[in-house]
Amino acid sequence: VQVVESGGGLVQPGGSLRLSCAASGFTFSRYYMSWYRQAPGKERELVAGITNTGGSSNYADSVKGRFTISRDNAKNTVYLQMNSLKPEDTAVYYCNARFLTTHWGQGTQVTVSS
């Protein structure tokens, strides 16, 4: 089983990033997929989640209207499009897969700073 995030980096406030999470070793299309983040000294928090078919998604209040989660079951990949980034979005972003079992990626760093 592998869950691998990519796409993080340094971006200026107001900028955009697109995170990707590539999964393998399990039946991706059965899994609810989520993005979490953890800032230094803070607990890990849910950012966004999407159902296995992609038909429904939910977001933390802090990112509503700025972030969009999507998935491509043919590519076993989930995405997080992040727009209008703020310094408080700085964190390590983790991908989570949940169905009968739970799988986590190693995370990708997102830093929003001028």
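Residues numbered from 1 in each chain as written. Predicted model: local features only at pLDDT ≥ 70, side-chain atom pairs only at ≥ 80, totals over all residues. Heavy atoms only, no water.

**Q** Sorry if this is basic, but what is going on with the pattern of salt bridges here?
**A** Once the charged atoms of two side chains with opposite charge are near each other, the side chains can pair. One pass over the structure, following the stated rule, counts 4 salt bridges. We note a salt bridge from Arg37 to Asp89, for which the minimum N-O separation is 2.9 Å. Taken together, the residues span a long stretch of sequence, with Arg37 in strand S4 (residues 32-38) and Asp89 in the loop between strand S8 (77-82) and strand S9 (91-98) at a distance of 52 residues. Residue Asp89 pairs with Arg66 through a salt bridge whose shortest N-O separation is 2.7 Å. One end of the pair, Asp89, is in the loop between S8 and S9; the other, Arg66, is in the loop between strand S6 (57-59) and strand S7 (67-72), with 23 residues separating them in the sequence. By the burial criterion, Asp89 is buried, and Arg66 matches it. Put simply, Arg37, Glu45, Arg66 and Asp89 are held in one network by salt bridges that share partners. (Salt bridge = Lys/Arg side-chain N within 4 Å of Asp/Glu carboxyl O. Helix = DSSP H or I, 4+ residues; strand = E, 2+ residues; numbered from the N terminus. Buried < 20%, exposed > 50% of the residue type's maximum accessible area, 1.4 Å probe, protein only.)

**Q** How should unusual backbone geometry be read in this particular structure?
**A** For residues besides glycine, phi is generally negative; the peptide bonds are generally trans as well. The backbone of Asn76 shows a phi angle near 55 degrees, a positive value even though the residue is not glycine. Inspection of the secondary structure assignment puts Asn76 in the loop between S7 and S8. Even without glycine at this site, Ser84 takes up a positive phi of about 50 degrees. Mapped onto the elements, Ser84 comes out in the loop between S8 and S9. With relative accessibility at 42%, the residue Ser84 sits in the partly exposed group.

**Q** Looking at this model, I keep getting lost on the state of the cysteines. Mind explaining?
**A** Should the sulfur atoms of two cysteines be covalently bonded, the bond is a disulfide. What the rule picks out here adds up to 1 disulfide. Through a disulfide, Cys21 is tied to Cys95; the S-S separation comes to 2.1 Å. The S-S bond linking Cys21 to Cys95 shows a torsion near -85 degrees; that makes this disulfide left-handed. Pair noted here: Cys21 is in strand S3 (residues 17-24) and Cys95 is in strand S9, with a separation of 74 residues, a long-range link. A single burial state applies to Cys21 and to Cys95, both of which are buried. (Disulfide = S-S within 2.5 Å.)

**Q** Help me understand the nonpolar core in this model?
**A** Most often, soluble globular proteins keep nonpolar side chains buried together rather than apart. With 29 residues, the main nonpolar core has Met33, Trp35, Val78, Leu80, Met82 and Tyr93 as its most contacted residues. Looking at this core, the elements that each hand over two or more residues are S3, S4, strand S5 (45-50), S7, S8, S9 and strand S11 (108-112). Here Met82 is in contact with Gly15, Ser16, Leu17, Leu19, Arg66, Phe67, Tyr93 and Val110, once residues within four sequence places are set aside. (Core = buried A, V, L, I, M, F, W, Y, C linked by side-chain atoms within 4.5 Å. Contact = heavy atoms within 4.5 Å.)

**Q** Looking at this structure, how should I read the environment of Ser70?
**A** Assignment of secondary structure puts Ser70 in strand S7. A relative accessible area of 30% means that Ser70 is categorised as partly exposed. The spatial distance from the C-alpha of Ser70 to the C-alpha of Ile50 is 7.1 Å, given a sequence separation of 20 residues. Setting aside chain neighbours within four positions, we find Ser70 in contact with Ile50, Val78 and Tyr79.

**Q** Looking at this structure, I do not really get the pairing of S5. What am I missing?
**A** When a strand is regular, its side chains alternate between the sheet's two faces. With 5 bridges joining them, S4 and S5 adopt antiparallel strand pairing. Its bridge partner being in S5, Met33 is matched across the sheet by Ile50. If you look at the hairpin formed by S4 and S5, you'll find 6 residues sitting between the two strands, and Gly41 has a positive phi there, around 75 degrees. Strand direction decides the pairing type here: S5 and S6, joined by 3 bridges, are antiparallel. Across the sheet, residue Ile50 finds its bridge partner in S6, namely Ser57. (Pairing = 2+ DSSP bridges.)

Take it as geometry only, folks, not as evidence of what the structure does.
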